[in-house]
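Residues per chain, in single letters:
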Amino acid sequence: MPVPDTLAGRLLRHARDQPERVAFRIAATGEDIRFGDLVARASSLARRLPGPPAEVAIACERPSDFVVALAACFLSGNAAVPLPVALSRRSAPRAGAILALAGPRFAIVGPTAADWLLALLAERQITAIALNAAPGEDPPPASAAVTPDTAALVQFASGSTGD
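Since the model is a prediction, treat every value here as computed from it, not as a measurement.

How should I be thinking about the sheet that holds strand β6 (residues 127-130) in this particular structure?
Paired through their backbone hydrogen bonds, the strands of a sheet run either parallel or antiparallel. Pairing within the open sheet is parallel, and its 4 strands lie in the order β4-β3-β5-β6. At either margin of the open sheet sits one strand with a lone partner, and together these are β4 (79-82) and β6. For this sheet, the mean inter-axis angle between neighbouring strands, taken without regard to orientation, is 30°. Bridge count between strand β3 (residues 55-59) and β4: 4 bridges; the pairing is parallel. Looking across to β4, one finds that Ile58 is bridged to Pro82.

Okay, structure coming up:
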């Protein structure tokens, strides 16, 4: 079965053809994430995300968790909405502004999600989906709803939320 020429399709193709090739290297830790592992972990998470199209916030402090969450959004056909990397209490106003502007109904949260972040999500009635790093059985096929025109990322640059 041919893999569509989308970002999700390319991830799946690399995982199939070159599973041991490094997809991402986390500079701070030296950790390598290989295509096969990335797609296995992201596929497991993608199965728990809403059907596209939807915006899904990503609130993961660890870079490797962020990469898996981002790939899960790509594979599921949802647009990723990254929240501030330094998820400290000081990030709450910016995270709140991003959530208000993007309007996601779901958020992927890492294993170290802070209480203030979970409270902010609950206050805005955003469903928190815990990151599950356990590999799934098989990568899902790229969703039929994912086309070259499907949004993959909603990024807010510094100052775009009024701060």
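Is there a simple way to think about the environment of Ile33 in this case?
Among the structural elements, Ile33 can be located in strand β2 (residues 31-34). By relative accessible area, which is 3% here, Ile33 ends up buried. The spacing of Ile33 and Arg21 is 12 residues in sequence and 8.6 Å in space, taken between C-alpha atoms. Residues contacting Ile33, with those up to four places away along its chain left out, are Arg21, Val22, Ala23, Phe24, Ile26, Leu38, Ser64 and Val67.

I'm lost on the packing of helix α1 (residues 7-17) against helix α2 (residues 35-46) in this one. Help?
How two helices pack is summed up by the angle between their axes together with the distance between the axes. With their axes 8 Å apart at the nearest point, α1 and α2 run at an angle of 125° to one another. In this view, α1 runs oblique relative to α2, as classed from their interaxial angle. The handedness of the crossing between α1 and α2 comes out as left-handed. Along the contact surface, α1 presents Leu11, Leu12, His14 and Ala15, while α2 presents Phe35, Gly36, Leu38 and Val39.

In this structure, what is going on with helix α4 (residues 92-102)? I would like to understand it.
One full turn of an α-helix is made of 3.6 residues, so residues set three or four places apart face in the same direction. Burial analysis of α4 places 8 of its 11 residues in the buried class, which makes it a mostly covered element. Ala92, Arg94, Ala95, Gly96, Ala97, Ile98, Leu99 and Ala102 are the residues of α4 that are buried. Contacts from the buried residues of α4 go to β3, β4 and α5 (115-123).

Whenever I open this one, α5 confuses me. Can you help?
Those residues of α5 lying buried are Trp116, Leu117, Leu120 and Leu121. For α5, the arc enclosing every buried residue in end-on projection is 135°, short of the 170-degree limit, so these residues lie on one face. Away from its buried face, by an angle of more than 90 degrees, α5 presents the exposed residues Asp115, Ala122 and Glu123. In the core, the buried residues of α5 are packed alongside β3, α4, β5 (106-109) and β6. Of the residues one or two after α5, Gln125 is the one with positive phi, at around 55°.

Procedures and definitions
Residues numbered from 1 in each chain as written. Predicted model: local features only at pLDDT ≥ 70, side-chain atom pairs only at ≥ 80, totals over all residues. Heavy atoms only, no water. Pairing = 2+ DSSP bridges. Helix = DSSP H or I, 4+ residues; strand = E, 2+ residues; numbered from the N terminus. Axes fitted to C-alpha atoms, helices over the stretch in contact; angles between N-to-C directions. Buried < 20%, exposed > 50% of the residue type's maximum accessible area, 1.4 Å probe, protein only. Contact = heavy atoms within 4.5 Å. Parallel < 35°, antiparallel > 145°, perpendicular 65-115°, else oblique. Left-handed = near helix turned anticlockwise from the far one by under 90°. Arc of directions from axis to C-beta.

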